[in-house]
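Coordinates in review
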Amino acid sequence: MPVMTTEAVEEQPQTRVNLLGLTLAQMEGFFLDIGEKKFRAQQVLKWIHHSGVTDIGEMTNLGVALREKLLGIAEVRPPEIVSQQDSIDGTRKWVIRVDGGGMVEAVLIPEAKRATLCVSSQVGCSLDCSFCSTGKQGFQRDLTAAEIIGQVWLAIKSYDAFQAGNGRIVSNVVMMGMGEPLLNFDNVVSAMDLMLEDLAYGLSKRRVTLSTSGVVPALDKLAKVSEVSLAVSLHAPNDALRNQLVPINRKYPIKVLLESCRNYIAAQRDKKRVVTVEYTLIAGVNDQVEHARELAELLSDFPCKINLIPFNTFDQSDYKRPSGNAVSRFWQVLVDAGYIVTVRTTRGDDINAACGQLVGQVVDRTRRSERHRKAADSQIIHVG
Ligand code: SAH
Ligand code: SF4
C-alpha cells in the first residue's frame, strides 16, 4: 500500500458543497443529511438570496457550532466577475469567469417599470445556429445551478441592492444569454426554482422566461415541472429555411415544435398564457414580406405574441441587419394579421451587450459541438 505523505493529503481537492445553487428542497436534504434540522435551510436561503451574505460565519442565527461545522463542508461561492461595463443607456453587462476558465455574460436591461436580466446557461452552445456568435464558439460546458443563479446574485450585489432591500432591482429574468437552457435541464430548472422561490428572489412565474431553439423532448419534460414563461426561437416560417438557420430543426421540425409549445401552455394552470415567438430578422434571408405572410399563416391558431429581433452583426458572420424599413414592413404584415408584435430595440450597443453576443474572440469549435450535441440529444431522449 503506498504511503501517503502530508503533501499528498494537502493536495486532495476540497470539494465543499456550494450552497448558492441549492433549491429549498435540496437545501433541506443537505441539512438532514448532515444531521441538522430542516428549518435551517430557510435561514440559509434567506441569508444568501435576501441578504446577499456569502460568509457562513456571518449567518448569526445558525449558532457558532453549526457555523463551524458548515465552514468545513460548505461554501457560498458566486462566479467571478471579470469585467463590468455600463452603457450610456443604463444597460449593465458582466463578463463572468467560471471554474475551468470559461467565460459567460449576463446583461441587465433597465426600462421604465422593470429591469430584465439576461442570463446564460452554458459556456458556448452546441446547436450552431447560423446567425449566433455563441454557436460559433462551440460548446464548452454546462453551467452549474450556482453559476446560473449566481448571475442574478451578482447583478443585485453590483447595485449594492441586497442590504437596501432592493433585491427586486432585477424584476424579470430571461434565459437568453449564452447556451441552450434545455440542454442543461436540471441545473436550469433548479436555478429557475430559486428565481421563483419566496425565500430567494420571489419573482412571479410570468417574469421568468426560458428561451429555447426547440429541444422538443426536453420541452415536453419541462411542461411537467415548471410554469415559467416560454419563448421559442423560430426565425423562419418554413422547415426548409429553418433547417438552414437553426439546425436542430432537422431533428424537431416546426410542426412538432409548435405542438410541444402548445402542450407546454396547455399544461399551465394559468390559461391566459401565450408563447413568445422570437424571430431574428436577417437582411435578405428571412425578412421579406412573403416570409411575414407565411409566418402569419403558420401561427394563425397558435397562442402567441411575436418578438422581432433585428440581427446583431458580429465579425464572424456575413449576415446583415435589415433596414428600419424592412423591419417595419415585416411588422406591419403581422400587425395587420392581428398579432401582437414587438420589435426588440437595441440596448447597450456601445458595450456590445446584445443577448447572445459574447466575450472577445470567437473560436470556431463547431466540430466539438457536434459530439456534444449527439451526446446531449441521446441523454434527453432516454431521460424524457
Ligand atoms: N439558446 C436559446 C437562448 C439563447 S439565444 C435560444 O436559441 O432560444 C437568445 C435569443 O437571441 C434567441 O432567440 C436567439 O436566436 C437570438 N440571437 C442569437 N444570436 C443573435 C444575433 N446575432 N442577432 C439577433 N438575435 C440573436
Ligand atoms: Fe445556441 Fe441559442 Fe445560439 Fe442557437 S441561438 S446557437 S440555440 S445560443
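These lines cover the structure that appears in this document, whether it is placed above or below. (Residues numbered from 1 in each chain as written. Chains lettered and ligands numbered in written order. Predicted model: local features only at pLDDT ≥ 70, side-chain atom pairs only at ≥ 80, totals over all residues.)

1. As for the site of ligand 2
Neighbouring ligand 2 are 12 residues; Cys-125, Cys-129, Cys-132, Gly-135 and Ser-213 lie closest to it. Its residues placed into classes, the shell around ligand 2 shows 4 nonpolar, 6 polar and 2 charged. (Near = placed C-beta within 6 Å. Nonpolar A, V, L, I, M, F, W, Y, C, P; charged D, E, K, R; others polar.)

2. Thoughts on the sheet that holds strand S13 (residues 304-310)
Taken together, 10 strands build an open sheet; the order of strands is S3-S4-S5-S6-S9-S10-S11-S12-S13-S14 and the sheet is mixed. A strand with exactly one partner marks an edge of an open sheet, and here the two such strands are strand S3 (80-86) and strand S14 (341-343). The mean angle between the axes of side-by-side strands here comes to 20°, regardless of whether they run parallel or antiparallel. As judged from the 6 bridges shared by strand S4 (residues 92-97) and strand S5 (residues 103-110), these two strands associate in the antiparallel manner. Its bridge partner lying in S5, Trp-94 is registered against Ala-106. (Pairing = 2+ DSSP bridges. Helix = DSSP H or I, 4+ residues; strand = E, 2+ residues; numbered from the N terminus. Axes fitted to C-alpha atoms, helices over the stretch in contact; angles between N-to-C directions.)

3. A look at the packing of helix H6 (residues 145-158) against helix H7 (residues 185-196)
Following both chains from N to C, one finds H6 and H7 inclined at 35°, their axes separated by 8 Å at the closest point. Where H6 crosses over H7, the two elements pack in a sense that is right-handed. Across from Ala-145, Ile-148, Ile-149 and Val-152 in H6, the residues of H7 making contact are Asn-187, Val-188, Ser-190, Ala-191, Leu-194 and Met-195. Grouping the amino acids of the contact of H6 with H7 by side-chain chemistry returns 8 nonpolar, 2 polar and no charged. (Left-handed = near helix turned anticlockwise from the far one by under 90°. Contact = placed C-beta atoms within 7 Å.)

4. Some thoughts on the environment of Thr-144
Assignment of secondary structure puts Thr-144 in the loop between strand S8 (139-142) and H6. Separated by 126 residues in sequence, Thr-144 and Asn-18 have C-alpha atoms that sit 9.9 Å apart.

5. Some remarks on unusual backbone geometry
One non-glycine residue with positive phi stands out, namely Asp-160, at about 55°. Position of Asp-160 relative to the elements: it lies in the loop between H6 and strand S9 (172-175). Notably, His-235 is not glycine yet its phi reads approximately 65°, a positive angle. Relative to the assigned elements, His-235 resides in the loop between strand S11 (229-233) and helix H9 (239-245).

Read these as geometric descriptors, not functional statements.
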